[in-house]
Amino acid sequence: MLLEAIGSVLLGLALSWAAVRLFADRLPERRAVFLTGPLGALFGAHVTHVALGPGHSVGTLVGALLVGAVTLSLLLRPTGRRLRSRAIPS
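Residues numbered from 1 in each chain as written. Predicted model: local features only at pLDDT ≥ 70, side-chain atom pairs only at ≥ 80, totals over all residues. Heavy atoms only, no water.

1. Some thoughts on the overall build of the protein
In step 1: When helices and strands are counted, the protein shows three helices and zero strands.
In step 2: Scanning the protein from its N terminus toward the C terminus, one meets helices and strands in the order α-α-α.
In step 3: In summary, the protein has a C-alpha radius of gyration of 17 Å against a globular reference of 12 Å for 90 residues, an excess of more than 25%.
In step 4: Taking the principal axes of the C-alpha coordinates as reference, the protein spans close to 65 × 30 × 15 Å. (Helix = DSSP H or I, 4+ residues; strand = E, 2+ residues; numbered from the N terminus. Rg over C-alpha atoms; globule rule 2.2 N^0.38 Å.)

2. Quick notes on the side chain of His-49
In step 1: Along the chain, His-49 turns up in helix α2 (residues 30-52).
In step 2: Judged by its relative accessible area of 18%, His-49 falls in the buried class.
In step 3: The contact partners of His-49, leaving out residues within four places of it in the chain, are Met-1, Glu-4, Pro-54 and Thr-60. (Buried < 20%, exposed > 50% of the residue type's maximum accessible area, 1.4 Å probe, protein only. Contact = heavy atoms within 4.5 Å.)

3. Description of the side chain of Ser-16
In step 1: Relative to the assigned elements, Ser-16 resides in helix α1 (residues 2-22).
In step 2: Overall, Ser-16 belongs to the buried group, its relative accessible area being 0%.
In step 3: The contact partners of Ser-16, leaving out residues within four places of it in the chain, are Val-33, Phe-34, Gly-37, Pro-38 and Leu-72.

So, in structure tokens, the structure goes:
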């Protein structure tokens, strides 16, 4: 379990680094990204470990990778296109 936790944190850091490199203009500050990635991956490893049980290290790391990627995707801001509110005619 300890190696799964360390591996998931390292995967989260790698995901964060890749997200900062690819989407730097659409993400908040780097500190938030480098905190969200490992925490999301650690949470994903915990949930996957509980679901699969002990002895499924690869599956746990895959779950950590997926949940870490999803939590990082929640930080992405939309591109330059802004939504405009329409005035409701009375």
